[in-house]
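Examination of the molecular architecture
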Amino acid sequence: DEGLWVLGRGRADSLASPASDYLREFRPYGGRRIETPGQPARFAVPTFSGGVVVFDAAGRILRIHREDAGLASDDWILGMAPDRQGGLWLALMNGVVRLDLDARMTEFGAREGLLGTVYSVERHAGALYASTSIGVFRMV
């Protein structure tokens, strides 16, 4: 519940980062270093009700996998194993899920100010518009 720490040279230093903030909110219960040839190391950490957060060595969040990746909000991730194709296999209470860590995906939600249930999304003149149950939102 204290976020990320960097261990080295006989000391431990707190790492102020978005991943630390996320891990304070959704407590972690494991972790795995992921090494893919030609890419910097990444880290995957399962959390209580926050899915799996993937971040780099600086603590920048690269991706958060939750229900969109086939994880139930109350599912336990019992094990994780990376593969050579950039995927991460998750052993769950009720099955197995493979996450493609290198797939391009961007998520916009309440954290970015998009509120309500999204009904439609359109691009127009360099902006992304989303109509929701609350109103219409524009992201440039």
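Here the structure is shown first, and the text comes after it.
Residues numbered from 1 in each chain as written. Predicted model: local features only at pLDDT ≥ 70, side-chain atom pairs only at ≥ 80, totals over all residues. Heavy atoms only, no water.

The subject of this paragraph is a nonpolar patch on the surface. On the surface, F48, W76, L78 and M93 cluster together to form a nonpolar patch covering roughly 410 Å² of accessible area. With respect to the element layout, W76 can be found in the loop between strand 6 (61-65) and strand 7 (77-82). When its relative accessible area of 37% is taken as the criterion, W76 is described as partly exposed. (Patch = residues over 30% accessible without salt bridge, like charges linked within 9 Å, V, L, I, M, F, W, Y side chains within 5 Å. Areas by Shrake-Rupley, 256 points an atom, 1.4 Å probe, with all protein chains shown as cover. Salt bridge = Lys/Arg side-chain N within 4 Å of Asp/Glu carboxyl O. Helix = DSSP H or I, 4+ residues; strand = E, 2+ residues; numbered from the N terminus. Buried < 20%, exposed > 50% of the residue type's maximum accessible area, 1.4 Å probe, protein only.)

Let's shift gears to the sheet that holds strand 7. Read from one edge of the open sheet, three strands run 7-8-9, paired in antiparallel fashion. Among the strands making up the open sheet, the edge pair consists of strand 7 and strand 9 (95-100). For this sheet the average axis-to-axis angle between neighbouring strands, irrespective of direction, equals 20°. Where strand 8 (residues 87-92) and strand 9 come together, six bridges link them in antiparallel fashion. Of the residues in strand 9, the one forming a bridge with G87 is D100. (Pairing = 2+ DSSP bridges. Axes fitted to C-alpha atoms, helices over the stretch in contact; angles between N-to-C directions.)

Moving on: the side chain of D83. Inspection of the secondary structure assignment puts D83 in the loop between strand 7 and strand 8. A residue is classified by how much of its surface remains accessible, and D83, at 18% relative accessible area, is buried. Reaching out from D83, the side chain makes a polar contact with the backbone nitrogen of G87 at a distance of 2.7 Å. Within polar-contact distance, the side chain of D83 engages the side chain of R98 at 2.9 Å. In this view, D83 contacts W89 and R98; residues no more than four positions away in its chain are not counted. (Polar contact = N/O pair within 3.5 Å; in protein donor to acceptor, adjacent residues only side chain to side chain. Contact = heavy atoms within 4.5 Å.)

Here we come to helix 1 (residues 18-25). Among all positions of helix 1, only A19, S20, Y22 and L23 are buried. Burial along helix 1 is one-sided: seen end-on, the buried residues are contained in an arc of 160°. In this fold, the buried residues of helix 1 make contact with strand 1 (4-8), strand 2 (11-15), strand 4 (42-46), strand 5 (52-56) and strand 6. (Arc of directions from axis to C-beta.)

Locating D21 in the fold gives a position in helix 1. Remark: the alpha-carbon pair of D21 and G126, spanning 105 residues in sequence, is separated by 32 Å.

Our next topic: the sheet that holds strand 12 (residues 136-139). The strand order 10-11-12 describes an open sheet built from three strands, whose pairing is antiparallel. Whereas interior strands pair on both sides, the edge strands pair on one side only; in this sheet they are strand 10 (118-124) and strand 12. Neighbour-to-neighbour, the strand axes of the sheet open up by a mean angle of 20°, direction not taken into account. Bridge count for strand 11 (residues 127-132) against strand 12 is four bridges, and the pairing is antiparallel. Paired with Y129 across the strands is R138, a residue of strand 12.

Another aspect to go through is the packing of aromatic side chains. Inspection of the entire model under this criterion finds five aromatic pairs. Look at Y29 and F48: their rings are 4.9 Å apart centre to centre, the planes differ by 40°, and that puts the pair in the tilted class. In this pair, Y29 sits in the loop between helix 1 and strand 3 (32-34) while F48 sits in the loop between strand 4 and strand 5, placing the two residues 19 residues apart along the sequence. Judged by relative accessible area, which is 25%, Y29 ranks as partly exposed. With relative accessibility at 30%, the residue F48 sits in the partly exposed group. Ring pairs connect the aromatic residues Y29, F48 and W76, which therefore count as one cluster. The ring of F26 has R66 sitting right over it, with the charged end atom 5.0 Å from the ring centre. (Phe/Tyr/Trp six-rings, centres within 6.5 Å; stacked < 30°, edge-to-face > 60°. Lys NZ or Arg CZ within 6 Å of the ring centre and 35° of its normal.)

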